[in-house]
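Given next are the chains, with one letter for each unit.
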Amino acid sequence: MRAGKRMLPVLAAVLLMVGLCGLAAAEVESIPLDMLSHGTPPKAEGWIVPNREYEDESIHVVLNERTNYKSKSSDGGITIHWAVVEIKDPSQLRTALSYDSFEDKKAATAPEMVAYLNPVVAFNDDYAKMNIFKGYVIRQGVFCKDDLDEWEEELKQDVLVIDDQGDLSPVLKASSADVQAFLAELEGQGRQAVNVFTFGPVLVLNGEVQKIERSTSTHSINLAMARTVFCQLDTLKYAVFAADAPKTGYGINCEELANFIVKTFPDCKIAYNLDRSEERRVGKECRS
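Computed from a predicted structure; not experimentally measured. (Residues numbered from 1 in each chain as written. Predicted model: local features only at pLDDT ≥ 70, side-chain atom pairs only at ≥ 80, totals over all residues. Heavy atoms only, no water.)

Draft legend 1. Examining the overall build of the protein chain more closely. Of regular secondary structure, the protein chain possesses three helices and 19 strands. Counting over 288 residues, the protein chain shows a buried share of 57%. Sequence-distant contacts, at least 24 apart, represent 73% of the contacts inside the protein chain between residues at least 6 apart. About 12300 Å² of surface is accessible on the protein chain, with carbon and sulfur atoms providing 49% of the total. (Helix = DSSP H or I, 4+ residues; strand = E, 2+ residues; numbered from the N terminus. Buried < 20%, exposed > 50% of the residue type's maximum accessible area, 1.4 Å probe, protein only. Contact = heavy atoms within 4.5 Å. Areas by Shrake-Rupley, 256 points an atom, 1.4 Å probe, with all protein chains shown as cover.)

Draft legend 2. Just the pairing of strand S13 (residues 168-171), in detail. Across four bridges, the pairing between strand S12 (residues 159-163) and S13 is antiparallel. Paired with Val159 across the two strands is Val171, which belongs to S13. The hairpin turn running from S12 into S13, its antiparallel successor, is four residues long, and Gly166 in that turn takes a positive phi close to 80°. (Pairing = 2+ DSSP bridges.)

Draft legend 3. Here's a closer look at a negative patch on the surface. A contiguous patch of negative charge on the surface is contributed by Glu55, Glu86, Asp234 and Asp267. Looking at the secondary structure, you find Asp234 in strand S17 (residues 226-234). What makes Asp234 partly exposed here is its relative accessible area of 40%. (Patch = residues over 30% accessible without salt bridge, like charges linked within 9 Å, V, L, I, M, F, W, Y side chains within 5 Å. Salt bridge = Lys/Arg side-chain N within 4 Å of Asp/Glu carboxyl O. Lys, Arg positive; Asp, Glu negative; His and termini not counted. Charge placed at Lys NZ, Arg CZ, Asp CG, Glu CD.)

Draft legend 4. Expanded view of the state of the cysteines. Applying the stated criterion to the full structure yields zero disulfides. There is no disulfide at Cys231, and the cysteine sulfur nearest it, in Cys268, is 4.4 Å away. Taking the relative accessible area as the measure of exposure, Cys231 reaches 0% and is therefore buried. (Disulfide = S-S within 2.5 Å.)

Draft legend 5. Fine view of helix H3 (residues 254-264). The complete set of buried residues in H3 reads Cys254, Glu256, Leu257, Ala258, Phe260, Ile261 and Val262. Measuring from the side-chain oxygen of the N-cap residue of H3 to the backbone nitrogen of Glu255 gives 3.3 Å; that N-cap residue is Asn253. (Polar contact = N/O pair within 3.5 Å; in protein donor to acceptor, adjacent residues only side chain to side chain.)

Draft legend 6. Representation of the environment of Pro42. With respect to the helices and strands, the residue Pro42 is situated in the loop between strand S2 (13-18) and strand S3 (47-49). By relative accessible area, which is 30% here, Pro42 ends up partly exposed. Put simply, Pro42 and Val18 are 24 residues apart on the chain and 8.2 Å apart in space, counted from C-alpha to C-alpha.

Okay, structure coming up:
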């Protein structure tokens, strides 16, 4: 199951959940932190329902969808897909960069990237490698860049931190000092930031839809667009939402998607807007 853009070049990364197949539950071991270490291929017998539900000793995924959703912000009905994912070990939640390098700016398609990563679920994230990108970036424990303070004060972005326990935490309207203070706090708790993203905004926090202000985001949050949102529901339990935009003018805005998420998962701990596009064909890529 791979939620992502159609066959377009990707100058960033994918966030993925991989399996630790072939191990008894009690014997699940962490995958090394480095980006060149990957999970094992999904088992053919793990598909309970082909392209809809997968389970092995380390991961359980169920793909759902709402077809012909009448988005208030869209010119027509759209499909919203969401995968619910439970993993055994935090190291199964990982990122991968195109050409395995932050410095190499060559583009790659999402299908090209996931072909060798063995994910059960994969989706695009925050385009961190683009030359115009401004943010705080850590990938698989490696610091890549910090130019958060290049944002004007009124346009400060919400930053998402994923730590080595698999927990998602926001740093709202973050400056560089804000993120560094949060990372120091994590270290004081014996934790480490494994991946840090700059996109947003945070849509849901502790089951509450956040105030989503058009004037404080650069990501067209008020427009009907294809979107990808990453959520934490519980310890090592997540949901990935992807909304279709078959053509310009279709899709969903952030506020409406946030309300859909809370209606689906009232106790959602956090939902973070991680990608958007004017055109997306998610349904045709949600396959094994």
